[in-house]
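# Chains, contacts and geometry: an overview
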Amino acid sequence: MYVGLFLRHAEALGLVNVEDDRDEFSIRAVDLTKVFAKKRHKGILGFLKKNAEKEKSKSEGGDAVTVALDHVNLKVRAGELFGLLGPNGAGKTTLVKCLSTILIPDEGTAVVNGYDVLKETTMVRASIGLVVGGERTLYWKLTARDNLMYFASLYKMPRAEAKNRVNELLELMGLIDRADERLEDYSTGMRQKIAISRALLHNPPILLLDEPTLGLDPTFSRQIRNQIRDLCKSQGKTILLATHYMYEADELCDRVGIINNGQIAAVDTSGKLKAMVREKELVEVACVNPPLGVEAELRTLCPEVDIVTLIHGDEARGAPSRIKIIGEGAEDHIGTVIDALRKRGVQITSLNVGMPTLEDVFIKLTGGAKLVERSEAAIGE
């Protein structure tokens, strides 16, 4: 309602035409590119390191820059819960910041709710709610209610409407009974709920969520995921969810885009992405404390397969390490792998053949890059 009033007022003044450039896609990125200069090093050691990097860059024919986004093309349908899946440093946060006008792309552009992020920044900001990972996006010395009222005032919401909207959101998040406590007394999960409430204050049609469950305990992770799902299904929000947790993307999202090194590797439904890894192309062996060098040894023993990779687990929390073998004829190497592990005294806890996950798709598409994944227990299942 609130964002609709704002947009209609802007159209009446002739600032925009809200009918222009509207189609079935709420978000469109076109050749979006962002490049950062590498950080400068300070001090004498930093000076020496900087010179060493310069020489290395010259010898390799490279530049002292980091390409965070490399001609990204992406479309998110209206009312869709779209997952952007990739490891830390893949470009997820940079893409979210470009879509929200926090960063200006070096090449290309994006259209959000029909508005160009370069030419119509005010209208883009009025159309989105942004939630980023971390806790320092709110004022800890203020109460939850005061935080939300303050941000409502920045949206120029009438005070009476703001009070009603704040109470509505606190009720939605299950925090109405603790609304007048300072955020410094809240848990991390409770503060994240207030961050989501802040993004919803002006009732935007689009939500950009960057790692919304990062650092949360299992109970709050489950609650946040349920609320994200409800916002899309019940309220019709278009949601872009950036995450490096494959289970989260698999469970929540209508479609998933896999991003790595600033490039979109694939976009499709979770089921169709997983179908890219055929049953005979995947073997996963779960084991406890595999010794150093076992990954290289298995690569030598299985030269015909495309990928052999070791994903270290957290045995103390009941999450074993996993060895994944992906490629044509992977199933034929089961005996070789088992024998090699037993000779090294490795305890094998399970064997999985032909049950691909989004993680397997990611590894296949990126040639062995790994996602950082929590165990199911750690994400609230």
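### Regarding the overall build of the chain
Tallying secondary structure elements over the chain gives 13 helices and 14 strands in all. Nonlocal contacts in the chain, meaning residues at least 24 apart in sequence, comprise 76% of its contacts between residues at least 6 apart. Total accessible area on the chain stands at roughly 18600 Å², and carbon and sulfur atoms take up 51% of it.

### Brief notes about the pairing of strand E1 (residues 25-37)
Sheet topology note: the E1/strand E2 (residues 65-77) ladder contains nine bridges and is antiparallel. In the strand pairing of E2, Phe-25 is matched with Arg-77. By the bridge criterion, five bridges tie E1 to strand E4 (residues 107-112) in an arrangement that is antiparallel. Of the residues in E4, the one forming a bridge with Thr-33 is Glu-107.

### Some points on the sheet that holds strand E11 (residues 282-288)
Here we have four strands laid out as an open sheet, ordered E12-E13-E11-E14, and antiparallel in their pairing. With partners counted over all chains shown, the strands left at the sheet margins are strand E12 (307-311) and strand E14 (347-353), one partner each. Strand-to-strand, the axes of this sheet are offset by a mean angle of 15°, without reference to chain direction. The strands that helix H13 (residues 358-366) touches are E11, E12 and strand E13 (321-326); relative to E13, the one it contacts most, it runs at about 55°.

### What to know about the packing of helix H5 (residues 144-154) against helix H7 (residues 188-200)
Where H5 contacts H7, the two axes come as close as 10 Å, and the packing angle between them is 25°. Our classification of the angle between H5 and H7 gives roughly parallel. The interaxial crossing formed by H5 with H7 has right-handed handedness. Packed against H5, whose contacting residues are Ala-144, Leu-148 and Phe-151, the element H7 presents Ile-194, Ser-197 and Arg-198 at the interface. Here the contact of H5 with H7 is composed, by residue class, of four nonpolar, one polar and one charged.

### Side note on the sheet that holds strand E9 (residues 255-260)
The strand order across the open sheet built from six strands is E6-E7-E8-E3-E9-E10, with neighbouring strands paired in mixed fashion. Edge positions in the sheet fall to strand E6 (128-131) and strand E10 (263-268), since each has one partner strand and no second. Sheet twist, expressed as the mean angle between neighbouring strand axes with direction ignored, is 15°. As judged from the four bridges shared by E6 and strand E7 (residues 206-210), these two strands associate in the parallel manner. Its bridge partner lying in E7, Ile-128 is registered against Ile-206.

### Some remarks on the pattern of salt bridges
Tallied over the full model, the rule gives 23 salt bridges. Residue Asp-106 pairs with Lys-34 through a salt bridge whose shortest N-O separation is 3.9 Å. Within this pair, whereas Asp-106 is found in the loop between helix H3 (92-99) and E4, its partner Lys-34 is found in strand E1, the two being separated by 72 residues in sequence. Judged by relative accessible area, Lys-34 falls into the buried class, the value being 11%. In this structure, Lys-141 and Glu-184 form a salt bridge, with 3.0 Å as the shortest nitrogen-oxygen distance. Taken together, the residues span a long stretch of sequence, with Lys-141 in the loop between E6 and H5 and Glu-184 in the loop between helix H6 (159-172) and H7 at a distance of 43 residues. Given the relative accessible area of 57%, Lys-141 is considered exposed.

Quick notes on the rules
Residues numbered from 1 in each chain as written. Predicted model: local features only at pLDDT ≥ 70, side-chain atom pairs only at ≥ 80, totals over all residues. Heavy atoms only, no water. Helix = DSSP H or I, 4+ residues; strand = E, 2+ residues; numbered from the N terminus. Contact = heavy atoms within 4.5 Å. Areas by Shrake-Rupley, 256 points an atom, 1.4 Å probe, with all protein chains shown as cover. Pairing = 2+ DSSP bridges. Axes fitted to C-alpha atoms, helices over the stretch in contact; angles between N-to-C directions. Parallel < 35°, antiparallel > 145°, perpendicular 65-115°, else oblique. Left-handed = near helix turned anticlockwise from the far one by under 90°. Nonpolar A, V, L, I, M, F, W, Y, C, P; charged D, E, K, R; others polar. Salt bridge = Lys/Arg side-chain N within 4 Å of Asp/Glu carboxyl O. Buried < 20%, exposed > 50% of the residue type's maximum accessible area, 1.4 Å probe, protein only.

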